[in-house]
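Per-entry structural report
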Amino acid sequence: MRLRTPLVLLVLVAPYRLNAQQPTQPVPVASAGPTPSLAQTSVPGPAFEEVLSLRQVGSPAISPDGRTVAFTVTTADWKENRFDTEIWIAREGAPAVQLTRTEKQSSTTPRWSPDGRWLAFLTDRGTKTQVWLIRPDGGEAQPLTQAAEAVSNFRWAPDSRRIAFTMQEPEADSMKQRRDRLGEFAVEDAEYRQSHLWMVDVAPDPWPAPPERPCAPAGTPRDSARIAAPIRDLCVRPPEPVKLTSGASFTVASFAWSPDGSRIAIEHRPDPSINSRERADISVLTVATKTLRPLVTGPGYESGPVWSPDSRWIAYSTDAGDTSSNWYRNGQLAKIAADGGTPMR
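Residues numbered from 1 in each chain as written. Predicted model: local features only at pLDDT ≥ 70, side-chain atom pairs only at ≥ 80, totals over all residues. Heavy atoms only, no water.

1. Observations concerning the nonpolar core
Of all hydrophobic cores here, the largest spans 16 residues; its most connected members are Val 131, Phe 154, Trp 156 and Ile 163. Put simply, the parts of the chain that give this core at least two residues each are β6 (119–124), β7 (129–134), β9 (151–156), β10 (162–168) and β11 (195–201). Beyond its immediate sequence surroundings of up to four residues, Trp 156 is in contact with Arg 111, Trp 112, Ser 113, Pro 114, Trp 118, Ala 120, Leu 133, Arg 162, Ile 163, Val 202 and Trp 257. Among the nonpolar cores identified, the runner-up in size contains 13 residues, and Ala 164, Met 199, Phe 255 and Val 287 belong to it. (Core = buried A, V, L, I, M, F, W, Y, C linked by side-chain atoms within 4.5 Å. Buried < 20%, exposed > 50% of the residue type's maximum accessible area, 1.4 Å probe, protein only. Helix = DSSP H or I, 4+ residues; strand = E, 2+ residues; numbered from the N terminus. Contact = heavy atoms within 4.5 Å.)

Here it is as structure tokens:
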């Protein structure tokens, strides 16, 4: 950096010195014809607008039977000054068709149910980003979650009857009051909200639908004596999410269901800051009891847990305890018994 400073100063000062010592007689300059303007300069290749208008394909998801692919297509919306991402579907032997059309928002992250009957995806349709469901053969999408905070990630359970998802903790009242008083600002790497794991039952196409039946006001216990028996019997409510992890000491980064659906391997970190990645560990959650058991807690990072098909082993990436050169050296693959033990590389 010290070598570059004099060069920059020289470039800035040189024109001034040349102008100060300018000769009294004009210096003749050979004319090479009119200089073309920037707009007249011919540059090979597509125009800037053409590049932005290119369609981008991403997030491919193959159906369980291997005959259909769901994917996203991102296009430029010049009228609304934004990029729009929607889900498309391509069946074997047929042209691709657009599956979602989200007004002023996008639909992303298509994921098949293991039985192939449903596609779940993330979208913001007026209630922050939530998990929605749609049949791959078409029809109206329907919301699965209606949480107060945005959903950031989700995974189907192997039985296609449950979905686990992560979302941030609610904003503290003190932070809301500070924002209302002083405006929007944050202290870098010191103010954040942890994300935790939730689970919701998948019950699409309820019959009858909740609006078709009378219900007591929200928050009233179903067995309350103040509710008439016919209303208690008739009321239909959508499934309520269940919180699986909690606490201020860690945030859930990634997770994976065991093939038998009884456990979830979780990558967690002290906080969501980028520097916290180097302290990521892996624990195993027993879904039925919500018990979280540490599995790999060595120095450095352990991340990206993947189960073996028989639910006996978990593979993951690790820096093998290297906390000094792990920023530029390749990580390693390791495995460990799901019930605990010594990691093997």
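2. A word on the side chain of Thr 245
Mapped onto the elements, Thr 245 comes out in the loop between β12 (242–243) and β13 (251–257). Classification of Thr 245 by relative accessible area gives buried; the value is 4%. A polar side-chain atom of Thr 245 sits 2.9 Å from the main-chain amide nitrogen of Leu 197. If sequence neighbours within four positions are ignored, Thr 245 has contacts with His 196, Leu 197, Phe 250, Val 252 and Ile 266. (Polar contact = N/O pair within 3.5 Å; in protein donor to acceptor, adjacent residues only side chain to side chain.)

3. Some details on the environment of Thr 323
Within the secondary structure, Thr 323 is located in the loop between β18 (313–318) and β19 (332–337). Under the relative-accessibility criterion, Thr 323 is labelled exposed at 53%. Between the C-alpha atom of Thr 323 and that of Pro 299, which follows or precedes it by 24 residues, the distance is 7.1 Å.

4. Observations regarding the pairing of strand β14 (residues 263–269)
Most of β14 is tucked away, with six of its seven residues classed as buried. Pairing between β13 and β14: six bridges, direction antiparallel. Along β14, the bridge assignment pairs Ala 256 with Ala 265. Bridge count between β14 and strand β15 (residues 281–286): six bridges; the pairing is antiparallel. Residue pairing for β15: Ile 266 is matched across the bridge by Ser 283. (Pairing = 2+ DSSP bridges.)

5. Looking at the sheet that holds β10
The strand order across the open sheet formed by four strands is β9-β10-β11-β12, and the pairing between neighbours is antiparallel. Strands at the two margins of the open sheet, each flanked by one partner only, are β9 and β12. The pairing of β9 with β10 spans five bridges and is classified as antiparallel. Paired with Arg 155 across the two strands is Ala 164, which belongs to β10.

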